[in-house]
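# Remarks on the overall topology
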Amino acid sequence: MELTLPPRLSAARFRQALQAFEGVVGKGWVLATDEDRDAYSDIYAPGSEKEWPASAALAPGSVEEVQAIVRLANEYKTPLWPTSRGKNLGYGANAPRMPGTIVLDLGRMNRILELDTTLGYCVLEPGVGFFDLYEHLQREKAPLWMSVPGNAWGSVVGNALDHGIGYTPYGLHARNLCGLEVVLPDGGLVRTGMGAMQGNHSWHLFPLSYGPDWTQMFTQSNLGVVTKAGVWLQPAPESSLLLTWDIPNEEDIGWVVDTITPLKLAGVIDQNVFVPSWLGKIVLKGQRRDFWDKPGAIPDSRVQELLKEHELGYWQVQVRLYGDEAINRAKADVLKRAFGKHVAAPPLEETWKTGYPASQYDATLGIPSAVALQMGDWIGGRGGHMGFSPVVPASSQHVLGQLRRSRRIIAEHDVDFYASFTISGRFATNINMLMYDRDNAQQLASIRKLFNALITQTAQAGYAEYRTHLGWMDPVNATFDFNDHAQRRLNERVKDALDPNGILAPGKQGVWPAAYRDLAARRDAT
Amino acid sequence: MARGVPRPGRAAGCDVRQVCFVAAMTMASALAAPPPPPTLTGPLPGPPPYQMRARLPAGDRLAGGKEGAALFSNLCGACHLAGGMGTNLLTKQRVILREPPQSGLLENRQDLTQNYVKIIVRRGRMAMPSLTRVEVTDAELDAIAVYLGKAGP
């Protein structure tokens, strides 16, 4: 990809800046060829990756180098887009929001600094991937489990910072963060929580602070570069019991949620319960043309045939119980009674115990895999996906309302419907997976129109996304409209106070610094 | 009351072939409740190769002279060792091309050139994204290309 300069920066000044950065990280870690720019683009872009072009990438190897880069960026006015490992697939991967921004690739900072098997936490640099941590826990024979997202190719810290979710009792990843070290936009260094005291022993254990706690301020944020993070890990249970129900009908999701939520709130269920619709199983069995060879959405009559042919319910509910075997059994009885009111067939039951082999693809056991990305092959060609991910209250009224609304909007755009609900307690995250061929212009145009319609109509109904692709960060930000977008205005005031030159991740989550605020696409969806 | 969907043989319908061993074990234990503990003989199987990669060779990542096999394992293994998603997709493609399924593992391929390996890593192909020079440096890619490129330069 040819060079796109950062806004309002001359080519000469840009070259000078790169030379200055070479003085910090060395020539080999300033990456600014056309091929480098291609590698820092959104591989799943719903359209041309040139919409979100990076100008270069820098790869520091230490916190001191990050600080030096940030100071130089202020001097040269070169915006930086920090990424941990750049695998934010479906949300923009490692590409920046603002054209010409330099990617600050933290992938080289990949040390596991501490592992405490007694109190169950680790301290990680942002470049540590889920596979790296998993292998470290195995090698150390540490009795600890991670929580992993569906695609575990990326960074443990990066995923938590971007509000990623997993499917174990530790599935709200941002809540596992305890104590961060952060480079501020002026190059200063701060530690959050108890780490604010030099040498404090409780830095990664006490989840609050003396005074305001800034930890969450640095998640989905452009207020700092996280260089170390405490991450809580689950003590490995001695056994686990998995109950699987196939749920026949689409509207059954209502009673499913009303059954699971009270048990989750009461502590019978600990995990985030993932409830995918049938297409989530089919995408791993082949390509779309093996099941339906016409361009429009798979019609309901064919869906019903496929469910029969493949012995699938419309939904699959899997509840995993963790801990002492007798307690798991007792909890399973409670669950079976609750589900038995609605579904006649008993669940499939699968026991796991310490020392037994586990399915290598089971995210509910905290095992990392990138196998979910095989769905990239579903459409054929250069497959990509985006998720439309609103958060709804975990009750049938809201879940069914959301299901019917997104189902209708997606059908109006003649796109296949692939939904999941992850029930996390009082709320559920509804991910509507939209898959496309990146080389099919007509399909891309339809998907983009669809995404706009989903955002607008879902907001009108009173719900918002928890996370979104680069191209829709402004429109989604605009849906948070209480008191004339008071939260955005607060974010902007904080941003301008901490980052007067606007050099850290301009436009991240729709928060723009004064220096580039005119570039926001605030009102109109992309 | 809705009737549940019957599920004869559902565990046998493994999504991905490598889980079949485990699925068969869990299936065996699932049919009776409470399940009898499975009988294990011999050493426990460890994690599959793609979840137990070689460590990244120590030293300056920009310098050459590292072992290609270890670099491939660490830097490509999460997708391209046995059980990884790249292996799964390639196996599917190779079978369609009437090639043996084990040729889905890149380490088993005899027909890859070093140049082809480099081009695919840097430019990507189908589900394979291009990799950055932070993920795989040029020096590392040279060694990996020699390791995989059994058909020559």
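Residues numbered from 1 in each chain as written. Chains lettered and ligands numbered in written order. Predicted model: local features only at pLDDT ≥ 70, side-chain atom pairs only at ≥ 80, totals over all residues. Heavy atoms only, no water.

### Some words on the pattern of salt bridges
Put simply, the rule is: Any carboxyl oxygen of Asp or Glu within 4 Å of a side-chain nitrogen of Lys or Arg constitutes a salt bridge here. A run of H or I in DSSP becomes a helix once it reaches four residues, and a run of E becomes a strand once it reaches two; helices and strands are each numbered from the N terminus. Relative accessibility thresholds used throughout: buried, under 20% of the residue-type maximum; exposed, over 50%; partly exposed, between the two (1.4 Å probe, protein chains only).
One pass over the full model with this rule turns up 41 salt bridges over all chains. Among the ionic pairs, Arg407(A) bridges to Asp300(A), the shortest N-O distance being 3.1 Å. Of the two residues, Arg407(A) sits in helix 10 (residues 396-412) while Asp300(A) sits in helix 8 (residues 300-309), which places them 107 residues apart along the sequence. Its relative accessible area of 47% is what places Asp300(A) among the partly exposed residues. One salt bridge connects Arg302(A) with Glu309(A), and the closest N-O pair in it is separated by 3.1 Å. Through salt bridges that share partners, Asp36(A), Arg122(B), Arg133(B) and Asp138(B) make up one connected network.

### Quick word on the packing of helix 1 (residues 11-25) of chain A against helix 3 (residues 63-76) of chain A
Residues and elements named next belong to chain A. Worth spelling out the cut-off: Angular values range over 0 to 180 degrees, each being the angle between N-to-C directions of two axes fitted as lines to C-alpha atoms, with helices fitted over their stretch in contact. To sort the angles, those under 35 degrees are grouped as roughly parallel, those over 145 as roughly antiparallel, those from 65 to 115 as roughly perpendicular, and the leftovers as oblique. We call a crossing left-handed when the near helix sits turned anticlockwise from the far one by less than a right angle, and right-handed when that turn is clockwise. By definition, residues are in contact when any of their heavy atoms lie within 4.5 Å. In this classification, the charged set is Asp, Glu, Lys and Arg, the nonpolar set is Ala, Val, Leu, Ile, Met, Phe, Trp, Tyr, Cys and Pro, and all remaining amino acids, among them Gly, are polar.
Contact pair helix 1 / helix 3: the axes reach a minimum separation of 10 Å and the direction vectors enclose 160°. Between helix 1 and helix 3, the angle is such that the two are roughly antiparallel. As helix 1 packs across helix 3, the resulting crossing turns out to be right-handed. Every residue of helix 3 that contacts helix 1 at Arg13, Gln16, Ala17, Ala20, Phe21, Val24 and Val25 is listed here: Glu65, Ala68, Ile69, Leu72, Ala73, Glu75 and Tyr76. Taken together, the residues of the contact of helix 1 with helix 3 sort by class into ten nonpolar, one polar and three charged.

### Thoughts on the sheet that holds strand 9 (residues 189-191) of chain A
Residues and elements named next belong to chain A. Stated formally: By definition, two strands form a pair when at least two bridges between them are found by DSSP.
Read across the open sheet, the five strands follow the order 5-6-10-8-9; overall the sheet is antiparallel. Each of the sheet's edge strands pairs with one partner strand only, and the pair in question is strand 5 (112-116) and strand 9. The mean inter-strand angle of the sheet, taken between neighbouring strand axes irrespective of direction, is 10°. Pairing geometry for strand 5 and strand 6 (residues 121-124), over four bridges, is antiparallel. When the bridges of strand 6 are listed, glutamate 114 appears paired with valine 123. Strands strand 8 (177-183), strand 9 and strand 10 (225-232) of the sheet are contacted by helix 3, whose axis makes an angle of about 50° with strand 8.

### What about the packing of helix 6 (residues 253-265) of chain A against helix 10 of chain A?
Residue and element names in this part refer to chain A. For the pair helix 6 and helix 10, interaxial distance at closest approach is 8 Å and the crossing angle is 145°. Crossing geometry of helix 6 relative to helix 10 is assigned as right-handed. Between helix 6 and helix 10, the contacting residues are Ile253, Gly254, Val257 and Asp258 on the first element and Ser396, Val399, Leu400 and Leu403 on the second. Classifying every residue of the contact of helix 6 with helix 10 gives five nonpolar, two polar and one charged.

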